[in-house]
Every structure is written in C-alpha cells, then in structure tokens.
Amino acid sequence: MRTVSRPEPWKRGPVLVALALLLGLVMLFHARITGRGGIGSLVETFLPWLGLFVPVLLVGALRRRSAAAVAALLLPVLVWLNLFGPLLADKSRAGGDLTVVSHNVGADNPDPVGTARDLAASGADVLALEEITPQAKPLYEKELATAYPHHTAQGTVGLWSTLPLSDTRLVDIKQDAGPLGATKPAEVTRDYARALRTTLATDQGPLAVYVAHLGSVRVNPRGGFSTGSRDRGARALGEAIAAERNERVVLLGDLNGSMDDRAFDGITSRMRSVQAVAGDGFGFTWPATFPMARIDQILVRGVEPRSSWSLPATGSDHLPVAAKISW
C-alpha cells in the first residue's frame, strides 16, 4: 500500500498503459474495426485469443512496478470476461430428441472409409458432410448406407439421416463456379454446389435442415485477409434462412468463420449457436491438430439446444461437431 500510494508507480510504464487500454478498446469495439482487407474479420475470428496478451502485459507491468499499467489491465480483463466469460461454464443439459453431427471431411482426407466409420459410430441421427470429393463420395455412401437409410448428396455437401428426407434442393450461395462460370450449363455448375436444404420428417413434425460450406478465407500479400467469397455466401445463406417458412430450422456446416464475425449477422440474428447456448468452452474445431477457431457450426431456430461438443479427430483437418436438440 505504501508503494502504491507513492506517485512514482503511477508514472511508470506509459507504453504498457497505452497497450493495455488499446487491447481493451480493440475487444470492446471490435465490430467497428474496418473491414477493409478483412482486418475486422481476422480480429473477430481469433477474438478470444486476444486475452492471452493480458498475462504478457501483466508480467511487464509487474517488472516495471507500474501501478498504472496494472490498473489499466482491468479494462481488457473486464471486456474479455463480458464477451467470453459465459463460455467458460458448462451449459450442457441432459436429454435431447435428436443428435446432429457436422463434419468437413477434407478433400485431402487419406482415409475416407475410416472417417465414415467413425462418424457412423457416433450414433448421430443426422450427419452432414462437407467437402466431399467425387472420388470419395461412393466410399461415404457405401460405408454410411447401413446406419443411414436416407441420404442426399449435392455437389460437395451431403446429408445422411435415420429419418426420411423430402423437398431437397440446392441453395444458391453465390459460389464462384470458376472461369466463365456464368456460361456453364447447370449440370456442370452443380458439381460446385456447396449448400443444400432438405426437410427431415420427425415425430414432432417437419424440420428444415441446411448444410453449407461457405467459401474459404484466403491470406495473400496483395489482398490481405480476403473474405469476399465467404461473406457473399453468408449473405445469401442468411437470405435463404430468412425466407424459410418452416419454424424449426437447423444449419450445419463449415462456415469458415466464427459467430463473432460481423459477416454472419444475417444468420446469427435469426439463429442461435448451439455451442454458445449449450456447449462447454469455446469448442474450437480448426485446425484439428491444434484447434484455434470454431469455424464449423451448428445453429438452430425453433428448437432447443441441449448440449454441444466436438468429436475426436478423423483424417480431416477439421474436427467434427455434434449437438443434441429437443423440441
């Protein structure tokens, strides 16, 4: 107390004070960071990790014996806890009427057969796959046929189910079909399809299920953090969900972004993330070897999330995600 009451500790470490305040302001006003060059999206994708700067700055403040820097760190600590504190608690609950799983199986997956068997063993009632290659598609269909008598595969996405499916159709997420894509016939561009919508027949009535794999986020020296394809798909998917007449909706897929990202406002304003509502922790899914971001999502509308978790790694660079929902 004697040390703190002196003026010297409050004058030390002005740079540390500035960095602590800047850190807090970045987290507090992340939604106002410019989207040019994808900077805002990059910050929001890895927003939880900004909290790691707090102990680093704290060590510096203690070494400098800067009371002002320690006090300034209260801002980022409080902002981080306000943003992510609820995720630290286990919000899962027992029960659930339906188990759903989503997995980007990876185009370069060296063992699609093993991946299919692992997913079938999960006991999911509904299984969504993304990034299915033409070569791997028959392997998934063969291995999953016994556990899932109903399935649809459109382009690079598919849905396997223990319950009947109907009214299946593609969802246009404005995906780039390559050079001269607008001139290509439908049967060719269908191979590029990365989103579908179908209706699941349950004993509680129809459930609309969307499966999507939004465009990848790219990092390049000239364009920076490029999110154009992903953002365009997110807007189109949000419009499709807004127009959905079914009250009960589930969205499964690799959305290539976290739900903190402003690009998904059109979706998150209408649907809830099961991980945020009923998960335990952050539920990071990518990369599978050392998950740093949750870009594989399960969102719902009109149903109640009961629990959410990640499944063990497969041959993909993404972890599968699972959830239980109830009516």
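Here the structure is shown first, and the text comes after it.
**Regarding the overall build of the chain**
What the chain contains, in helices and strands, is 13 helices and 14 strands. Here the C-alpha coordinates of the chain stretch approximately 75 × 50 × 40 Å along the principal axes. Split into buried and exposed, the 327 residues of the chain put 48% on the buried side. Counting contacts in the chain only where the partners sit at least 6 residues apart, residues at least 24 apart contribute 71% of the total. On the chain, roughly 15900 Å² of surface is accessible, and the fraction owed to carbon and sulfur atoms is 58%. When the 34 basic and 30 acidic side-chain charges of the chain are each reduced to a single mean position, those positions are 11 Å apart.

**What about the sheet that holds strand 5 (residues 165-170)?**
Reading across the sheet, the six strands line up as 5-6-7-10-12-11 and stay open at both edges, with mixed pairing between neighbours. The two strands at the open ends of the sheet, each matched to only one other strand, are strand 5 and strand 11 (272-273). By the bridge criterion, six bridges tie strand 7 (residues 205-213) to strand 10 (residues 249-254) in an arrangement that is parallel. Across the sheet, the residue bridging to Val211 is Leu252, located in strand 10. Packed onto the sheet, helix 11 (residues 228-242) meets strand 7, strand 10 and strand 12 (296-301) and runs at close to 175° relative to strand 7.

**A look at the sheet that holds strand 4 (residues 157-161)**
Note on sheets: strands pair through backbone hydrogen bonds, and any given pair is parallel or antiparallel. The strand order 3-4-2-1-14-13 describes an open sheet built from six strands, whose pairing is mixed. Both edges of this open sheet fall to strand 3 (150-154) and strand 13 (304-310), since each of them pairs with a single strand only. Averaged over all pairs of adjacent strands, the angle between their axes in this sheet comes to 15°, without regard to strand direction. Both strand 2 (residues 126-130) and strand 4 contribute to a ladder of five bridges, which runs antiparallel. Counterpart to Glu130 in the pairing with strand 4 is Val157.

**A short note on a nonpolar patch on the surface**
A grouping of Val15, Leu19 and Leu22 is seen on the molecular surface, where their side chains present a nonpolar patch of about 280 Å² in accessible area. According to the relative accessible area criterion, Val15 is exposed, its value standing at 59%.

**Quick look at the packing of aromatic side chains**
Enumeration over the complete set of coordinates arrives at five aromatic pairs. Note on Trp49 and Phe284: the rings are 5.6 Å apart at their centroids and 25° apart in plane angle, and the pair reads as stacked. In this pair, Trp49 sits in the loop between helix 4 (39-45) and helix 5 (53-64) while Phe284 sits in the loop between helix 13 (274-278) and strand 12, placing the two residues 235 residues apart along the sequence. Judged by centre distance (5.9 Å) and plane angle (55°), the rings of Phe84 and Phe282 are tilted.

**Here's the deal with the pattern of salt bridges**
Inspection of every chain in the model, using the stated rule, returns ten salt bridges. For the salt bridge of Glu143 with Arg117, the shortest nitrogen-to-oxygen distance reads 3.1 Å. Note that Glu143 is positioned in helix 9 (residues 137-144) and Arg117 in helix 8 (residues 112-120), a separation of 26 residues in sequence. On the basis of relative accessible area, Glu143 is assigned to the partly exposed category, the value being 23%. Between Asp167 and Arg169 there is a salt bridge; the shortest N-O distance is 3.1 Å. Residue Asp167 is classed as partly exposed on the basis of its relative accessible area, which comes to 47%. Linked through salt bridges whose partners overlap, the residues forming this network are Asp167, Arg169, Arg197 and Glu244.

**Digging into the pairing of strand 10**
It is a general feature of regular strands that their side chains alternate between the two faces of the sheet. Most of strand 10 sits inside the fold, with six of its six residues counted as buried. Neither face of strand 10 is open: one carries Val249, Leu251 and Gly253, the other Val250, Leu252 and Asp254, and all of them are buried. Judged from the six bridges that link them, strand 10 and strand 12 form a sheet pairing that is antiparallel. Counted as the bridge partner of Val249 is Arg301 from strand 12.

**Topic: helix 5**
Across its twelve residues, helix 5 extends 16 Å between first and last C-alpha, which sits within 8% of the 16 Å expected from 1.5 Å per residue. On its buried face, helix 5 is in contact with helix 3 (14-28), helix 6 (67-72) and helix 7 (74-84). Phi for Arg65, located one or two positions after helix 5, is positive at around 55°.

**With respect to the environment of Leu319**
Tracing the backbone shows Leu319 in the loop between strand 13 and strand 14 (321-326). Relative accessible area serves as the criterion here: at 10%, Leu319 is assigned to the buried category. C-alpha separation for the pair Leu319 and Pro291, spaced 28 residues apart in sequence, amounts to 8.3 Å. Sequence-distant contacts of Leu319, that is, excluding residues within four places in its chain, are made with His103, Phe284, Thr285, Ala288, Pro291, Asp296, Ser310, Leu311, Pro312 and Ala313.

Rules used throughout
- Residues numbered from 1 in each chain as written.
- Predicted model: local features only at pLDDT ≥ 70, side-chain atom pairs only at ≥ 80, totals over all residues.
- Heavy atoms only, no water.
- Helix = DSSP H or I, 4+ residues; strand = E, 2+ residues; numbered from the N terminus.
- Buried < 20%, exposed > 50% of the residue type's maximum accessible area, 1.4 Å probe, protein only.
- Contact = heavy atoms within 4.5 Å.
- Areas by Shrake-Rupley, 256 points an atom, 1.4 Å probe, with all protein chains shown as cover.
- Lys, Arg positive; Asp, Glu negative; His and termini not counted.
- Charge placed at Lys NZ, Arg CZ, Asp CG, Glu CD.
- Pairing = 2+ DSSP bridges.
- Axes fitted to C-alpha atoms, helices over the stretch in contact; angles between N-to-C directions.
- Patch = residues over 30% accessible without salt bridge, like charges linked within 9 Å, V, L, I, M, F, W, Y side chains within 5 Å.
- Salt bridge = Lys/Arg side-chain N within 4 Å of Asp/Glu carboxyl O.
- Phe/Tyr/Trp six-rings, centres within 6.5 Å; stacked < 30°, edge-to-face > 60°.
- Expected span 1.5 Å × (residues − 1).

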